[in-house]
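Listed here are the chains, written in short residue letters.
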2 protein chains.
Amino acid sequence: MYWSKAFIPTLKETPQEAESLSHKLLLRAGLARMLMAGAYSYLPLGLRVLENIQKIIRQEMQVCGASELLLPALQPLELWQKTGRDKDIGEVMFKFIDRRGRNVVLGPTHEEVITDLVKGEISSYRQLPRVLYQIQTKFRDEIRPRNGLIRACEFIMKDAYSFDQDQVGLDKNYQLMYEAYKRIFKRCGLTVLITQADSGVMGGKESHEFMVPAAQGEDLVLVCKKCNQVKAFNTDSLLCSKCNFQMDKVNTIEVGHIFKLGIKYSQALGANFADAKGELKPIIMGCYGIGVSRLVSSIIEQNNDAEGIIWPQEVAPYQILVLPLDVTNSQIMQEAITLHDQLAGLGYQVLLDDRDERAGVKFKDADLLGIPLQVVIGRNSLVEQTIEIKVRSTKQKIIKPRSQAVEEISRLIVI
Amino acid sequence: MYWSKAFIPTLKETPQEAESLSHKLLLRAGLARMLMAGAYSYLPLGLRVLENIQKIIRQEMQVCGASELLLPALQPLELWQKTGRDKDIGEVMFKFIDRRGRNVVLGPTHEEVITDLVKGEISSYRQLPRVLYQIQTKFRDEIRPRNGLIRACEFIMKDAYSFDQDQVGLDKNYQLMYEAYKRIFKRCGLTVLITQADSGVMGGKESHEFMVPAAQGEDLVLVCKKCNQVKAFNTDSLLCSKCNFQMDKVNTIEVGHIFKLGIKYSQALGANFADAKGELKPIIMGCYGIGVSRLVSSIIEQNNDAEGIIWPQEVAPYQILVLPLDVTNSQIMQEAITLHDQLAGLGYQVLLDDRDERAGVKFKDADLLGIPLQVVIGRNSLVEQTIEIKVRSTKQKIIKPRSQAVEEISRLIVI
């Protein structure tokens, strides 16, 4: 892909609206733009990151035996009244009356809808267990949206739901998800703290939160430095329950939350199954959420330096940036295009900066964008038949004969 | 993929809500379920079809040099007031006031939003031409949603927008899109009629509609059987302007619509560029829509028989259905699993019907689902070391030695 065709509007200055570090870099690197507070347009580079994250999630959901579907954003208020959550969630849920006079809400989450769907399709223990998930846009009427994609009114979530006939089944699915979540966040290049958390408005007994430590994170957790225990912040006690040490407060961003829901939703909505003896029982449920768009910002929060973003390999919008330093020099451009085509042909995601800009501007933008490898082609490359590879994360510069360039790149980036 | 894991709830009976043929098959084949009138859940099989359609669209948009982005559903009403379309579109647009007191709409389309975005990023003729597109969920407050995915309140669209400095540029982008649309619909297995249409509420001068002839289609077009001219239905004259013949009325579904918008939006929203002489001019725009979710129903309308759906190869949810006739016979199952794994390993999308159902039920469901190839494995297969391949579209049955099965399949399905 050529930069000039890709619509990557980088910014030299930080827009005033930017509140946190990730928010600044999100805007400056041309990943997203604000339409109004809480609603963002994902530009091509940001969309590529989103898609890479979604690809990782889909692969790991497959490991959990989950099937993907897609539920509507528009939902009847009536379903929420049956579980009583219309009151629990309150004003955060967008509600309106449509032209047919129906009370409609914009789904902030989908427990009610999926339980209603499953109720119509599953009636026997033979059809259990079942795990379903979607990657979909959710809506929340936030009174104070902020930090770009971190607290938005419109955002993308992965929400999975498990349906089991007994607690043993739920425990098994829960454990599978717990392990999948650890892999997902690791592949996204994140260090997470996992807290045993309060289920709150979701109902149910057990739950875990996956929290990304970040300076601007709004969720506080407590960490014991002696035994590494993590718990949700609670003013009752700042002492570790294991070793009685004073725990440290850490600012974090919640990126995942898994719940053992039990029968709260199936009971309220009548989602029952006949067990082996023919007895009707409510289906036992779990739910498993990941803030997909929020992950983009969280990854930036944890992967950056003074120059810009440092994308972890699996989520990077491109893996390699080819940087011809003088696009008016036809030999340099030819060399750059040849390398671009060669790498793209091998399956790498390659961006070629074909802009007629000064080398300094290109280097700055390259570091800002944070693509893992920069391959620089200048006059020296022609004279000495070499290329320079810069590893964004370490700033290491490697000079290699042109003939060994692809081999060296394949050593640095595994696809 | 095993049927038992895939969540494919087929129905023997047609639900009462079903209005058209495609609507019936959509529900019976387990592709989608209604949450409320106008809002549908896509089940795994339906989502796979949607994704296949999206893949075709993305490939053809790339040919047009278009970059993908993703815009918000939530939009400020203010933008619509600037173009005056808040009044033109009227009550079909969902509108509400959020907790911050903002007048918000749910986007039924995105001309205003994309023009506002481009206004902020493009200022010079050097940045033109530019083509941007998204595949995204749109909302319309339909007073009478009907026919499943054909007229829904929530639906998926591909909307592309071109930005040019002059009419020549617009004409070129328009022509590229026109050709891409023909390829997209052909790859979806559709025969379309293309009418030169009225631009209506969109503004601009030239536009073409891509219409799928279908018994239940709500849009009428006129076709001249002598010269094949097609035009939008108009009570003024039913005569062909070329050969003066009486034209035939044809029921169709609109699946695509392309418009030369001109400067309506750029002028209203102030999206200007400086030309080579430094003079400020409004950007010249085109827009290009495809009803992605509506295509699912349109494809079914044109590709079916009394037994069920006949998916065109490129959009089929799976390409091959392996049908072991007796899953309690371990030799038959072993043979089926081996073939499934072998084909999946070669990159085919394979579904294995591992349900413990009578052969009659399986055959009926196989025809209902409409996967292009059915590979039947029964007792005969073991005795004679053969397999039977049924081509869904022609009902042709091919019996081949087991050793030649994969070769025969690769002849029938090209991936």
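A short tour of the structure in this document, coming up. What you are looking at is a predicted structure, and each value in this text was computed from that prediction instead of being measured.

Details of the relation of the copies chain B and chain A
- It takes a turn of 180 degrees to lay chain B on chain A, together with a shift of 0.0 Å along the axis; the resulting RMSD is 0.0 Å. Between the two chains, the operation in question is that of a two-fold axis. Of every C-alpha in chain B, the one belonging to B:Phe96 sits nearest the axis of rotation, 3.5 Å from it.

Re the interface of chain B and chain A
- Contact residues are listed per partner, giving 43 residues for chain B and 43 residues for chain A.
- Listed by contribution, the elements that provide at least two residues to the side of chain B that touches chain A are α1 (3–6), β1 (32–36), β2 (39–42), α3 (44–63), β3 (67–68), β4 (74–76), α6 (111–121) and β7 (130–139) of chain B.
- Among the residues making up the side of chain B that touches chain A, the classes are represented as 25 nonpolar, 6 polar and 12 charged.

Some words on the environment of A:Leu323
All names here are of chain A.
- Positionally, Leu323 belongs in strand β19 (residues 320–324).
- Assessed through the 25 C-beta atoms surrounding it within 10 Å, Leu323 is described here as buried.
- With sequence-adjacent residues up to four places away left out, Leu323 is seen in contact with Asp353, Lys362, Ala366, Gln374, Val375, Val376 and Ile377.

Digging into the sheet that holds strand β5 (residues 95–97) of chain B
Residues and elements named next belong to chain B.
- Overall, antiparallel pairing links the 3 strands, which are arranged β4-β6-β5 in an open sheet. Only two strands of the sheet have a single partner each, and these edge strands are β4 and β5. The sheet shows a mean angle of 40 degrees between the axes of neighbouring strands, direction not considered.
- Pairing geometry for β5 and strand β6 (residues 103–106), over 3 bridges, is antiparallel. The residue of β6 that forms the bridge with Ile97 is Asn103.

A word on helix α7 (residues 167–187) of chain B
Residue and element names in this part refer to chain B.
- Compared with the 30 Å implied by 1.5 Å per residue over 21 residues, the 30 Å span of α7 between its first and last C-alpha is a close match.
- Of the surrounding elements, those touching the buried residues of α7 are α3, β7, β8 (154–164), β10 (207–213), β13 (248–262) and β16 (284–291).
- One or two positions beyond α7, positive phi appears at Gly189, with a value near 80 degrees.

Observations regarding the packing of α3(B) against helix α9 (residues 292–302) of chain B
Residue and element names in this part refer to chain B.
- Contact geometry for α3 and α9: axes closest at 10 Å, N-to-C directions at 110 degrees. As far as their axial angle goes, α9 and α3 are roughly perpendicular. Contact with α3, carried on its side by Gly46, Val49, Leu50, Ile53 and Gln54, involves Val292, Ser293, Leu295 and Val296 of α9 and no other residues of that element.
- Looking at the contact of α3 with α9, its residues break down into 6 nonpolar, 3 polar and no charged.

Focus on the nonpolar core
- By size, the foremost hydrophobic cluster in this structure holds 245 residues, and its most contacted members are A:Ala160, A:Ile320, A:Leu321, A:Val322, B:Ala160, B:Ile320 and B:Val322.
- For A:Val322, the contacting residues outside a window of four places in its chain are A:Ala336, A:Leu339, A:His340, A:Val350, A:Leu352, A:Asp353, A:Val375 and A:Ile377.

Comments concerning unusual backbone geometry
Residues and elements named next belong to chain A.
- Of the consecutive residues Leu128 and Pro129, the connecting peptide bond is found in the cis state with omega at -5 degrees.
- Within the secondary structure layout, Pro129 lies in the loop between α6 (111–121) and β7 (130–139).
- The phi dihedral of Asn244 falls on the positive side, at around 65 degrees, and the residue is not glycine.
- Position of Asn244 relative to the elements: it lies in the loop between β12 (230–232) and β13 (248–262).
- Residue classification places Asn244 among the exposed positions, given that 9 C-beta atoms sit within 10 Å.

Side note on the sheet that holds strand β19 (residues 320–324) of chain B
Residue and element names in this part refer to chain B.
- Reading across from one edge, β20-β19-β21-β22-β23 is the order of the 5 strands in this open sheet, with mixed pairing throughout. The sheet is open, and its two borders are formed by β20 (350–352) and β23 (397–401), each paired with just one other strand. Put simply, the sheet's adjacent strands are angled 25 degrees from each other on average, direction ignored.
- Across 5 bridges, β19 lies against strand β21 (residues 373–377) in parallel orientation. Each residue of the ladder has a partner; that of Leu321, found in β21, is Gln374.
- Contacting β19, β20 and β21, helix α10 (residues 330–345) runs over the sheet at an angle of about 165 degrees to β19.

Rules used in this analysis
- Sequence order as written defines residue numbering, which begins from 1 separately in each chain.
- The lettering of chains begins at A and the numbering of ligands begins at 1, in the order of writing.
- Thresholds applied to this predicted model are a pLDDT of at least 70 for local features of residues and 80 or more for the giving and counting of side-chain atom pairs; totals over whole chains, interfaces and linings are not thresholded and use all residues.
- Here the copies were fitted onto each other by least squares, based on C-alpha atoms from residues at pLDDT of at least 70 in both.
- The contact criterion used is a C-beta to C-beta distance within 7 Å, with each C-beta placed from the backbone.
- Comment: elements are numbered from the N terminus, with helices defined as DSSP H or I runs of at least four residues and strands as E runs of at least two.
- Side-chain classes are defined by residue name, with Ala, Val, Leu, Ile, Met, Phe, Trp, Tyr, Cys and Pro counting as nonpolar, Asp, Glu, Lys and Arg as charged, and the others, Gly among them, as polar.
- Counts of 20 or more other C-beta atoms within 10 Å of a residue's own C-beta define buried residues, counts of 12 or fewer define exposed ones, and intermediate counts define partly exposed ones; C-beta atoms are placed from the backbone.
- A pair of strands is treated as paired once DSSP finds two or more bridges between them.
- Angles run from 0 to 180 degrees between N-to-C directions of axes, and those axes are lines fitted to C-alpha atoms, restricted for helices to the stretch in contact.
- Working rule for helices: expected span equals 1.5 Å times residues minus one.
- The labels follow the angle: roughly parallel below 35 degrees, roughly antiparallel above 145, roughly perpendicular from 65 to 115, and oblique for the rest.
- The term nonpolar core refers to a set of buried Ala, Val, Leu, Ile, Met, Phe, Trp, Tyr and Cys residues connected through C-beta atoms within 7 Å.

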